[in-house]
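Each chain is listed here by its residues.
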Amino acid sequence: MATPAKYTTASREQVHQALQFTWALKGHIRAAAKQYLHVAQEIAKARDGKIYLVLKTCPVKSSPTSMRPSTISPTPSTSNAPPSHSAHNS
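Residues numbered from 1 in each chain as written. Predicted model: local features only at pLDDT ≥ 70, side-chain atom pairs only at ≥ 80, totals over all residues. Heavy atoms only, no water.

Asker: Before we move on, could you go through the overall build of the chain and cite the residues and values that matter?
Answerer: Broken down by element type, the chain carries 1 helix and 0 strands. The buried share of the chain, reckoned over its 90 residues, is 0%. Counting every atom, the chain has about 9300 Å² of accessible surface; 64% of that belongs to carbon and sulfur. (Helix = DSSP H or I, 4+ residues; strand = E, 2+ residues; numbered from the N terminus. Buried < 20%, exposed > 50% of the residue type's maximum accessible area, 1.4 Å probe, protein only. Areas by Shrake-Rupley, 256 points an atom, 1.4 Å probe, with all protein chains shown as cover.)

Okay, structure coming up:
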């Protein structure tokens, strides 16, 4: 029967090197996450620009008061209702 391997205790230098390596990896992961967010932001800008070009309207500034129903009033010239034909019912 084989005897179990004996574990040696790590020296302070080995622990220090392992911690430095771990911290370096953690820094690389944080940097990659920031780069990913930057890329996502640029993709969103491109998408929003394309939507803006398709709609050909100014971007709407979002505020709590602009979304209240009482502040939204349709104008007669922009009504999408079909014209009334009640006068021609004969």
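Asker: Break down the pattern of salt bridges for me, citing the residues and quoting the values.
Answerer: Opposite charge on two side chains allows them to pair when their charged atoms are near. This structure, assessed with the given rule, holds 2 salt bridges. We note a salt bridge from Glu-42 to Lys-45, for which the minimum N-O separation is 3.7 Å. Here Lys-45 and Glu-42 lie together in helix 1 (residues 12-55), a separation of 3 residues that amounts to about one turn. The shortest N-O distance in the salt bridge between Arg-47 and Asp-48 comes to 2.9 Å. Classification of Arg-47 by relative accessible area gives partly exposed; the value is 46%. Its relative accessible area of 41% is what places Asp-48 among the partly exposed residues. (Salt bridge = Lys/Arg side-chain N within 4 Å of Asp/Glu carboxyl O.)

Asker: A description of a nonpolar patch on the surface should follow, citing residues and the corresponding values.
Answerer: A contiguous nonpolar patch, built from Val-15, Leu-19 and Trp-23 and spanning about 300 Å² of accessible area, is present on the exposed surface. Examined against the element boundaries, Leu-19 turns out to sit in helix 1. Exposure remark for Leu-19: the relative accessible area of 38% places this residue in the partly exposed category. (Patch = residues over 30% accessible without salt bridge, like charges linked within 9 Å, V, L, I, M, F, W, Y side chains within 5 Å.)

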